Amino acid sequence: MRKYVAFFAVICLWLKLPTTTGAQTLHYNQPATFFEEALVIGNGTMGGIVYGGTRTDRISLNDITLWTGEPCNMQVYSPDAHKSIPAIREALSKGDYREADRLQRDVQGHFSQNYQPLGQLTIEYLDTTEAVTGYRRWLDIGDATAHTTYQRGKYRYTTEYLASHPDSGLVIRITTNHPGGIHARLSLSCQLRHTTSANGQTLTTDGYAGYASLPSYYDAREKFAYDPQRGIHFRTKVQVSARNVRAEGETLLVDGAKEVTLYIVDATSFNGYDKDPVKQGKPYQQLADARLRHLSGIPYKTIRQRHIKDYQSLYNRVKLSLTADSSTYYAPPSQGGDGGESTDAQLRAYTDESLFNPDLEALYFQYGRYLLISCSRTPNVPANLQGLWNESILPPWSCNYTSNINVEENYWAAETAALPEMHQSLFTFMKELQGSGELTAKAYYGVNRGWCLAHNTDIWAMTCPVGLHTGDPMWANWNMGGAWLATHIWEHYTFTLDKAFLREYYPVLKGAAEFCLAWLQPLSDYTPQPSPLSHLTSSISPLTSDISHPTSSISPLITAPATSPENSFVTPDGYHGRTCFGGFADIAMIRECLTDARDAALVLSGSCSVPGGSCSVPVGSCSVPGDSVAGFPSVAGSPFITELNAAIARLHPYKIGKKGNLQEWFYDWEDEDPHHRHQSHLFGIYPGHHLDDGTNTKEALHRAASRTLELKGDKTTGWSTGWRVNLYARLHDARNAYHIYRKLLSYVSPDGYRGPDARRGGGTYPNLLDAHSPFQIDGNFGGCAGVIEMLIQSEYTVCEGSPLTTLELLPALPDNWKDGSVSGIRARGGITVDMTWQDKRVTHLTLTAQQPCTVTLLANGQQQTLKLKKGALACW
């Protein structure tokens with residue numbers, strides 16, 4: 001059924017959306033022993049890991065700008081690496097994959113640096129003779145405060161912890177009704193080179209990180225290089241506000257205070273990716289001192305109010321309620337940590353007994369939003385592999401930015417979950433990658449256009465392939481990080497319709513696309529097989545000389561050398577290879593990047609626009625008069641758009657293998673690991689939007705993608721599980737999307753727990769952080785995004801100046817979520833969605849448009865076309 005409805009002035013009946021009272025609190029009945037049980041707090045730059053002990057309370061501290069290393073000063077580790085590219089291509093053309101793998105090690109540079117822990121605050125309670133009862137520990141993600149409360153003997157002790165963004169620090173408030181008050185010793189420790197002093201009521205640690213380091217997995221006796229005149233320096237300060245406080249050695253002693261307030265601040269000398277942190281660094285000591293003066297001069301109540309107001313201005317945008325039949329419902333803990341089943345017990349029961357716990361499922365979703373707010377508010381410094389929270393000087397994978405999925409997955413929910421401000425840290429960081437990425441493109445790949453990013457990067461914006469000539473090519477030599485990251489630029493635009501943003505970041509997107517154009521190769525250079533694009537001879541325009549090849553003007557375009565992130569193939573003669581030509585992960589990402597760059601150019605030209613989704617535009621159908629846009633010269637010259645259209649049309653179409661799967665490799669080879677965690681060749685489904693290739697039908701490709709996931713199975717790492725939730729949702733497979741979401745919430749034991757009942761693998765730790773394992777935060781964000789993909793999906797198109805959004809409601813709704821409501825989630829086209837559903841049918845809907853738009857709405861088995869003015873509301 002098709003309807004056309006025009007909304008110009010609409011009066012809505014607002015229905016109060018039910019909220020989930022139990023979906024705001026992580027709640028525990030004992031102190032944390034391991035990191036994976038501790039509660040994390042953060043203000044976007046500084047973070048705390050709260051253990052909540054009764055004899056000794058530990059709060060591990062982090063600053064997101066504290067890394068080893070120093071600027072690379074645009075120096076290239078392997079300036080002649082590109083000279084090996086022709087030899088690699090020759091080996092591939094001969095089918096000598098072993099030789100190609102060997103030569104790939106010539107195309108490697110240095111490793112990324114390591115993200116470092118700031119230190120640890122220890123509160124040692126000195127009066128612990130009486131027994132502790134009634135212990136409760138909780139994190140309220142509704143106001144971003146953590147708490148402990150317990151009885152010691154007959155007296156109550158309470159502690160509240162918060163990380164304030166407005167006032168740039170952590171604050172801890174300890175109170176008791178014991179007439180003798182609190183007796184405690186406070187100390188600061190640090191694993192880096194440092195000195196600590198106690199003076200009056202203040203602890204101060206000054207220190208510095210290594211100016212160079214190697215990852216934990218690299219075989220080297222010395223992993224760090226230290227010099228007091230090099231590297232990032234830092235100052236951490238803790239001030240105690242209480243009666244009867246005195247310094248004793250390098251500690252502070254609290255003796256008999258009923259109220260104790262701790263003010264914790266820090267600052268580092270990091271002043272940008274290209275600034276020497278000593279010679280050009282920030283005045284970190286003065287900054288830390290000033291921050292402490294500011295923070296300690298504000299009453300605790302005021303700090304708390306300002307913190308909650310700031311946090312809730314972001315968090316309260318989205319509400320989610322999932323309800324169930326009372327016969328299957330699992331009772332959640334009550335609000336505020338008072339009684340009820342603890343979160344870790346719920347997680348175990350959810351895993352072991354297959355109970356339906358809608359509050360836990362909604363809590364996990366909102367916890368992802370809490371984490372993003374808490375770790376991604378620092379310009380130019382995005383959330384890393386562990387977000388913000390790390391206790392090791394040699395953390396897993398350096399706690400860096402891994403660009404073959406992980407740093408991108410951190411931001412999958414930023415737009416749909418109504419947190420676009422958190423996305424800005426990634427965008428500003430991308431600008432910094434561009435200059436280094438241009439050097440990498442030239443030195444390592446012989447490409448003189450655009451920029452690229454390999455497998456890893458760090459706070460210094462390194463872009464080269466890592467490995468020091470010893471790395472396994474399956475992870476070290478991948479070079480599509482720039483192409484993938486740049487797609488976030490168009491994605492942000494489709495949600496915000498912010499042309500000023502698009503104009504500012506278009507050069508970054510264009511540069512990533514230019515590298516792709518220059519990196520593409522004609523298939524005819526590598527195989528004599530007939531061209532699958534011969535039917536397009538009359539419609540394909542030749543590309544520019546950068547990627548035109550005399551061998552064939554219509555040969556499909558591929559990449560060579562290519563790798564598929566961290567995966568390996570097995571050739572018919574049994575060789576387990578990494579390097580190939582025509583890998584479909586590369587092609588999927590390039591298709592998305594080129595299409596995004598074209599659409600961005602067309603939007604900025606103001607002349608002609610094309611679908612930002614899966615549609616294709618005939619080559620030559622769009623033209624842009626002139627080579628400039630007012631105020632932005634040469635943004636969308638027609639030669640570049642023509643070149644993009646020609647390349648998109650020539651990209652090699654997907655291939656479907658003998659098992660019915662979507663091929664990852666050009667040939668229908670077996671994977672070394674059939675259940676491999678990466679599924680990079682499915683990028684076109686999610687997070688991309690361009691699985692269509694102009695040759696295979698969309699239905700056939702979707703079936704092949706589903707078959708690929710079926711063959712991989714459901715046991716994988718945490719972040720991979722999060723990705724698969726989204727993939728199944730995009731395929732409209734509600735049953736498997738929900739099944740995999742439950743897998744994501746599988747209980748995993750803390751890494752340090754060695755009991756006979758220890759559980760390992762991918763899933764969720766007791767504190768709801770993602771288990772790769774070890775901890776990686778990307779799975780939390782992937783799962784958060786997956787919930788929204790099950791509830792709404794959208795595509796954005798701008799053609800001939802008339803914006804159109806396709807919005808589908810409940811596209812992959814699980815049977816267990818047959819009743820519920822959500823408000824505040826975002827759709828492409830600048831639309832906010834509030835809806836209630838019963839028996840899997842939408843019963844109330846409010847759409848709020850940022851700009852005038854046309855919406856094709858798919859809901860309840862019907863299709864409607866809605867025309868909305870700015871701010872208009874479309875209601876059911």
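Bear in mind that the values here come from a model prediction, so they are computed numbers and not experimental data.

### Quick word on empty space enclosed by the protein
A water-sized probe rolled over the atoms picks out the places where empty space is left. Applying the stated criterion across every chain, the model contains eight cavities of 30 Å³ or more. In this structure, the largest cavity occupies an estimated 210 Å³ of space. Along the walls of the largest cavity sit 22 residues, with W412, H488, E491, P687 and R828 positioned nearest its centre. Elements with a contribution of two residues or more to the lining of the largest cavity: α8 (413–416), α11 (481–496), α13 (584–605) and α18 (778–791). Tallying contributions element by element places α11 first for the lining of the largest cavity, with six residues. Per-class residue counts for the lining of the largest cavity are nine nonpolar, six polar and seven charged. What lines the second largest cavity is a set of 13 residues, among which Q75, V76, S436, T440 and C464 lie closest to the centre.

### Points about the pattern of salt bridges
This model, assessed by the stated rule, comprises 34 salt bridges. A salt bridge links R173 to E259; the shortest N-O distance between them is 3.1 Å. Placement of R173 in strand β10 (residues 169–176) and of E259 in strand β19 (residues 259–268) is noted, with a sequence separation of 86 residues between them. Taking relative accessible area as the criterion, E259 reaches 45% and is therefore assigned partly exposed. A salt bridge links E670 to K659, with the shortest nitrogen-to-oxygen separation between them at 3.1 Å.

### Digging into the pairing of strand β37 (residues 853–859)
With respect to burial, β37 is a largely interior element, six of its seven residues being buried. Relative to strand β38 (residues 862–868), β37 runs antiparallel, the two sharing seven bridges. Across the sheet, T856 pairs through a bridge with T865, a residue of β38. Between β37 and β38, which pair antiparallel and follow one another directly, the connecting turn spans two residues, one of which, N860, has a positive phi of 55 degrees.

### Concerning helix α4 (residues 300–315)
The α-helix winds at 3.6 residues per turn, so residues separated by three or four positions along the chain end up facing the same way. Over its 16 residues, α4 extends 22 Å from the first C-alpha to the last, a length consistent with the 22 Å expected when each residue adds 1.5 Å. Restricting attention to buried positions, one finds in α4 the residues Y300, I303, H307, I308, D310, Y311, L314 and Y315. Within α4, the buried residues cover an arc of 165 degrees as seen down the axis, which keeps them to one side. Turned more than 90 degrees away from the buried face of α4 sit K301 and K309, all of them exposed.

### Focus: unusual backbone geometry
Note that the residue after H772, namely S773, is joined by a cis bond; omega there is -15 degrees. For S773, the location among the structural elements is in the loop between β31 (770–771) and α18. Each neighbour pair has its own omega, and for S773 with P774 the value is 10 degrees, a cis peptide bond. Summarising the element assignment, P774 is placed in the loop between β31 and α18. Although it is not a glycine, H732 adopts a positive phi angle of roughly 60 degrees. Tracing the backbone through its elements, the reader meets H732 in the loop between α16 (718–730) and α17 (734–744).

### Describing the packing of aromatic side chains
Aromatic ring pairs are defined here through the distance separating the ring centres and the angle between the ring planes. Within this structure, the stated rule accounts for 40 aromatic pairs. Between W67 and Y115 the ring centres are 5.6 Å apart and the planes differ by 50 degrees, which places this aromatic pair in the tilted class. Note that W67 is positioned in the loop between β5 (56–63) and α1 (85–93) and Y115 in the loop between α2 (97–104) and β6 (119–125), a separation of 48 residues in sequence. You can call Y115 buried: its relative accessible area is 0%. Measuring from centroid to centroid gives 5.1 Å for Y445 and W519, while their planes differ by 75 degrees, and the two rings are edge-to-face. Highlighted residues: Y445 in helix α9 (residues 420–445) and W519 in helix α12 (residues 499–519), separated in sequence by 74 residues. In terms of burial, Y445 and W519 fall into one category: buried. Members of the aromatic cluster, each reached through a chain of ring pairs, are Y97, Y526, F569, F581, W665, F666, Y667 and W669. One residue, R230, lies across the ring of Y211, its end atom 3.7 Å from the ring centre.

The rules behind these values
Residues numbered from 1 in each chain as written. Predicted model: local features only at pLDDT ≥ 70, side-chain atom pairs only at ≥ 80, totals over all residues. Heavy atoms only, no water. 1 Å grid on protein atoms, 1.4 Å probe; cavity = no way out; pocket = protein on both sides within 12 Å on 5 of 7 lines; lining within 4 Å. Points joined across faces, edges and corners; volume = space filled by probe spheres on them. Helix = DSSP H or I, 4+ residues; strand = E, 2+ residues; numbered from the N terminus. Nonpolar A, V, L, I, M, F, W, Y, C, P; charged D, E, K, R; others polar. Salt bridge = Lys/Arg side-chain N within 4 Å of Asp/Glu carboxyl O. Buried < 20%, exposed > 50% of the residue type's maximum accessible area, 1.4 Å probe, protein only. Pairing = 2+ DSSP bridges. Expected span 1.5 Å × (residues − 1). Arc of directions from axis to C-beta. Phe/Tyr/Trp six-rings, centres within 6.5 Å; stacked < 30°, edge-to-face > 60°. Lys NZ or Arg CZ within 6 Å of the ring centre and 35° of its normal.

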